[in-house]
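# Observations on the model geometry
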Amino acid sequence: MKRALCLLLLSPLAAEDLLFYHCSDTHVPVAGTAGTVAEMAKFTGGEPAFVVVTGDLTEFGGGDGAWEKYLALWKPFPMPVYSALGNHDETWWVLRPEIAARHGAPWYSWDAEGCHFVVLDSAGPQDPRPTFAPEELAWLREDLARVTDGDPVFIAFHHPLSSGEFASPRDPGRLLEVVKDDNVVAFLVGHGHVARHEVWRGYDMIEGGSTFGKDAGWNVCRVHQGSFSVTYRETDGEERLLIEKRMTPMKREAAPIEPIPEGTRKALWAARVPSAVRAAPLAIGDQVVIVGTNGRIWRFDARSGRPLGEERYPGEVFGTPAVDGKALVIAGTAGLWRGGEPTRDRVYVAPPVLREGRVYVGARDGTFVCADAKTLETLWTFEAGHTIESAAGLQGLNVVFGAWDERVYCLDPTDGGLYWAMKGAGSRVEKAPSYYSPADAPTVFFGDHVYAADRSFRLGIFECVHGKLVATVEDVVAVAADAEEILYLRRPKAGLSRMRWTGQIEWTSEARTGRTPVPPTVAGGRVYVTSDDGLLQSVDTADGRVLWTCVAGDGAYVMAPVTTSGGLVFTAAMDGTVVCVEEDR
């Protein structure tokens, strides 16, 4: 319940003078940013109370000292610098732990001169696609409930709400549902490397330009006698006014949000957990286990959906845990864990893979770790050149994985000895090879070859023994194999295809897919795939017919692979939706 507005002195018209800077897209260590920040420090237009930086703080996340270099930029500034995360800060060496260490979470707030300021995280964890997590919006609702009714509110994050990169209009629409009763003066955003003002669904959005490039500069923001203005100042001294407005509270009706098309089959049951979910549901006996990105673990009765209990991993979880008997083996930001105390040895962002009493898993710092599955004691490590975020593939005396250093690696699983390391298909031809590394989709063994999809949507086919790239298939974001030497390709443009090991495409389905690197799941003569906007689909492996569809997320991305067990099909979405569908017998 908001505090009542009872004194004129508490109104936005009585807010004291306030000057602050807003900049965006510093992309450390890109050339040009240091010079712009130095000009900002020398600017004589008044001393700001603080600086807000709306994301893409770094080019490839915090690795190679980039986070420390970013912090060093602001040492000449005696005032606070508040940083939001962008897609570049979460795709590679994810910076969520560093922001959480400084502010308690990737989202936080503060007050200044009668105004309330909020920083949110619009970037998906360990993924460039934007979303607002359920736990984030729940925190925001509680935070704004403590703000006096009518007080000016400014909310900063990276992605403009009008961006077509959200899974659907419902995703940013959930944020508007939370703030519709508050006096939101402006959303401060970045991402586009331009300085501009946009009105979206009745809200003012101010984009902060970039600190490098042709029009490098920053926003000079002023609150004065009930008004708010923003002037973009370029490093050459040129200025342009972006907005000047009164901060009078406006009554806004929540904009209608487009409905999600209904599927052809209803879920047997559905639940909503208060967390985004990237991990595949885990079928353990007659239970299904859901692990949220916030580390909370929920158990449900697999057939009825009845809640059975909850526990917690002491960190964030971005990959699917392994199952050892009835025990979970989790790799996350607090290290490895199977109950009790985590190892806290490093930040893990890849799903662990279990085989013959050993756990194989990649870490944020580029270390590939083999550990004892019971004790979690490290048995050996191998150092790749950058973050490892996808699950490893294991076959015989080979373990393969991709990393964000452009390469696919093949190691000896007994001691970590290197067999070969080869550039991915996209990294061989793209001008920015690291961006297109074979790193965000799991590598797959198939016969005598290794299949690695990459960010350029190319599937590289490598000869297993020596790593020679023997073929490339275009328009593939992820791949899965079955026991009959058949591959199923998730394709951003074509949808879903079935391919023989010879490269022959046998069919292409009308199933909707998208660009998320989530591999299909093959089981019982069906292949299951989800669309970018949350539609779960069952496809006949024989001919590619879509047998049924079910809404799996309320217009949110589905980053969790599908799981099947006992005729039941499970998946979960980034809005916390969990669905169970009964397959035809």
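Scroll up a little and you will see the structure.
A quick note: this is a predicted structure, and the numbers were derived from the prediction, not measured.

### Some points on the overall build of the protein
Across its full length, the protein holds 6 helices and 43 strands. In terms of C-alpha radius of gyration, the protein reaches 24 Å, essentially the compact-globule figure of 25 Å for 585 residues. The dimensions of the protein, computed from C-alpha atoms along their principal axes, are 70 × 50 × 45 Å. For the protein, with 585 residues in total, the buried portion stands at 61%. Partitioning the intrachain contacts of the protein with sequence separation of at least 6 by distance along the chain shows that 55% fall at a separation of at least 24.

### Focus on the sheet that holds strand 29 (residues 444-446)
Across the sheet, 4 strands lie side by side as 29-30-31-32; this open sheet has antiparallel pairing. Pairing within the sheet leaves two strands with one partner each, and these edge strands are strand 29 and strand 32 (469-474). Looking at each pair of strands side by side, their axes are set apart by 25 degrees on average, direction ignored. Pairing geometry for strand 31 (residues 458-463) and strand 32, over 5 bridges, is antiparallel.

### A word on the state of the cysteines
Here the structure, examined in full by the defined rule, presents 0 disulfides. Unpaired in terms of disulfides, C370 finds its nearest cysteine sulfur in C410, a separation of 15 Å. Look at C370 and you get buried, because its relative accessible area is 0%. C464 takes part in no disulfide bond, and the closest cysteine sulfur to it belongs to C410, at a distance of 5.3 Å. For C464, a relative accessible area of 11% gives the class buried.

### Some thoughts on the sheet that holds strand 38 (residues 526-530)
Reading across from one edge, 37-38-39-40 is the order of the 4 strands in this open sheet, with antiparallel pairing throughout. Lying at the two open borders of the sheet, with one neighbouring strand each, are strand 37 (521-523) and strand 40 (546-551). When the angles between neighbouring strand axes are averaged without regard to direction, this sheet yields 20 degrees. Where strand 39 (residues 535-540) lies against strand 40, 5 bridges are found, and the strand directions are antiparallel. Bridge assignment links L535 to a residue of strand 40, and that residue is V551.

### Some thoughts on the nonpolar core
F50, Y70, W74, F117, F154 and F228 are the most contacted members of the largest nonpolar core, which has 49 residues in total. Counting residues per element, this core draws most heavily on strand 1 (residues 18-23), which supplies 5 residues. Ranked by size, the runner-up nonpolar core spans 24 residues in total, among them V118, F132, W200 and Y203.

### Overview of the packing of aromatic side chains
The full count for this structure, using the stated rule, is 39 aromatic pairs. With 5.8 Å between their ring centres and 75 degrees between their planes, F43 and W218 make a pair best called edge-to-face. With a gap of 175 residues between them, F43 in the loop between helix 1 (33-42) and strand 2 (51-54) and W218 in strand 10 (residues 217-224) connect regions that are remote in the sequence. Like W218, F43 is buried. Here W420 and F462 contribute two aromatic rings whose centre-to-centre distance is 6.0 Å and whose plane-to-plane angle is 25 degrees, an arrangement assigned as stacked. Taken together, the residues W420 in strand 28 (residues 418-423) and F462 in strand 31 connect sequence positions 42 residues apart. Grouping residues by exposure puts W420 and F462 together as buried. Clustering of aromatic rings is evident, with ring pairs tying together F20, F50, Y82, Y108, W110, F117, F154 and F228.

### Here we look at the pattern of salt bridges
Counted according to the given criterion, the structure contains 37 salt bridges. Residue R170 pairs with D554 through a salt bridge whose shortest N-O separation is 2.6 Å. You can see R170 sitting in helix 6 (residues 170-179) and its partner D554 sitting in the loop between strand 40 and strand 41 (563-565), a full 384 residues away along the chain. Looking at R170, the relative accessible area reads 18%, which means it is buried. What you see here is one network of salt bridges that share partners, running through E90, R96, D121 and E316.

### What to know about helix 1
Of all the residues in helix 1, the buried ones are T33, T36, V37 and M40. On an axial view of helix 1, the arc spanned by its buried residues comes to 95 degrees, and they lie on one face.

### Some remarks on unusual backbone geometry
Looking along the chain, the bond that leaves V28 and enters P29 is cis, with omega of 10 degrees. If you trace the backbone, P29 turns up in the loop between strand 1 and helix 1. Non-glycine residue D64 carries a positive phi angle of around 55 degrees. Checked against the element boundaries, D64 lands in the loop between strand 2 and helix 2 (66-73).

### Brief notes about the pairing of strand 11 (residues 227-234)
The buried count for strand 11 comes to 8 of 8 residues, which makes it a mostly enclosed element. The two faces of strand 11 match: S227, S229, T231 and R233 on one face and F228, V230, Y232 and E234 on the other face are all buried. Bridge count between strand 10 and strand 11: 8 bridges; the pairing is antiparallel. Across the sheet, the residue bridging to R222 is S229, located in strand 11. Taken together, strand 10 and the strand that follows it, strand 11, pair antiparallel across an intervening segment of 2 residues, in which Q225 is found at a positive phi of about 50 degrees. Here 7 bridges tie strand 11 to strand 12 (residues 239-246), and the two strands are oriented antiparallel to one another. Each bridged residue has a counterpart across the sheet, and for F228 the counterpart in strand 12 is K245. Joining the antiparallel neighbours strand 11 and strand 12 is a turn of 4 residues, in which G237 adopts a positive phi near 95 degrees.

About the cut-offs
- Residues numbered from 1 in each chain as written.
- Predicted model: local features only at pLDDT ≥ 70, side-chain atom pairs only at ≥ 80, totals over all residues.
- Heavy atoms only, no water.
- Helix = DSSP H or I, 4+ residues; strand = E, 2+ residues; numbered from the N terminus.
- Rg over C-alpha atoms; globule rule 2.2 N^0.38 Å.
- Buried < 20%, exposed > 50% of the residue type's maximum accessible area, 1.4 Å probe, protein only.
- Contact = heavy atoms within 4.5 Å.
- Pairing = 2+ DSSP bridges.
- Axes fitted to C-alpha atoms, helices over the stretch in contact; angles between N-to-C directions.
- Disulfide = S-S within 2.5 Å.
- Core = buried A, V, L, I, M, F, W, Y, C linked by side-chain atoms within 4.5 Å.
- Phe/Tyr/Trp six-rings, centres within 6.5 Å; stacked < 30°, edge-to-face > 60°.
- Salt bridge = Lys/Arg side-chain N within 4 Å of Asp/Glu carboxyl O.
- Arc of directions from axis to C-beta.

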